[in-house]
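Now for the letters of each chain:
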Amino acid sequence: MRFSLICIGRMKAGADKDLFDRYLDRARKAGRALGVTDVTITELPESRDQRAEDRKAEEAKAILQAVPSGAKLVVLDENGKNLTSPAFSGRLETWKDDGIPDIVFAIGGADGHGQEMLARADLKLALGAMTWPHQIARILLAEQIYRAITIQSGHPYHRV
């Protein structure tokens, strides 16, 4: 199984990127024992269309083109489900046990996701009721992926 983060926009060098990279590296290393062969990031350019709906549609098309066939798609969305860390981990473990080869996590642009993206989503996930900058959302998602892997492996990182 592979985990992929597909994000609109680029994360600039600095403390945010360093922290994001640290959690991705931890997830890669800890995931090997569970059959997670890789955790990757793909950054796609922001749309330059004038209208928000057109930007969302163009960005959705770009993300969906990058989603491998047979993948489960988790879309970060403010109206998505708020899952506990153990519930999130359980969802990923179920998909792994079902033989799903890829799980893709999508973070849209500043306007959110287009309807095509939301319709394709296997899970719409919220990171709480607050709005987060994209850089922080990436860090939170990377940390939760790492946490999910540690929960599945019985590692003491996640304490109840």
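All values reported here derive from a predicted model rather than from experimental measurement.

Asker: Explain the environment of K72 residue by residue, including any values.
Answerer: Its location among the elements puts K72 in strand β3 (residues 72–81). Taking the C-alpha atoms as reference points, K72 and I103, 31 residues apart in sequence, are found 4.8 Å from one another. Excluding residues within four positions of it along the chain, K72 makes contact with W95, I100, D102, I103, V104 and D122.

Asker: Tell me about the packing of aromatic side chains, and please be specific about residues and values.
Answerer: Taken as a whole and judged by the stated rule, the model has four aromatic pairs. Residues F3 and F105 carry aromatic rings whose centres are separated by 6.0 Å and whose planes lie at 75° to one another, so their mutual orientation is edge-to-face. Of the two residues, F3 sits in strand β1 (residues 2–8) while F105 sits in strand β4 (residues 102–107), which places them 102 residues apart along the sequence. Taken individually, F3 and F105 each receive the classification buried, so the pair is uniform in this respect. Residues Y23 and Y146 carry aromatic rings whose centres are separated by 6.3 Å and whose planes lie at 40° to one another, so their mutual orientation is tilted. Of the two residues, Y23 is situated in helix α1 (residues 15–31) and Y146 in helix α5 (residues 134–153); the sequence distance between them amounts to 123 residues. Owing to a relative accessible area of 14%, Y23 belongs among the buried residues under this scheme.

Rules and cut-offs
- Throughout this description, residue numbers start from 1 for each chain and increase along the sequence as written.
- Side-chain atom pairs in this predicted model are given and counted only at pLDDT of 80 or more, local residue features only at pLDDT of at least 70, and totals for whole chains, interfaces and linings cover all residues.
- Side-chain descriptors were evaluated using all non-hydrogen atoms of the structure, hydrogens and water having been removed beforehand.
- The helix and strand labels rest on DSSP assignments: H or I over at least four residues marks a helix, E over at least two residues marks a strand, and numbering proceeds from the N terminus.
- Between two residues, a contact is recorded if the distance between any of their heavy atoms is within 4.5 Å.
- Note on aromatic contacts: the rings of Phe and Tyr and the six-membered ring of Trp form a pair at centre separations within 6.5 Å, being stacked when their planes are under 30 degrees apart, edge-to-face when over 60 apart, and tilted otherwise.
- Three exposure classes are used, based on accessible area relative to the maximum for each residue type with a 1.4 Å probe and protein chains only: buried under 20%, partly exposed in between, and exposed over 50%.

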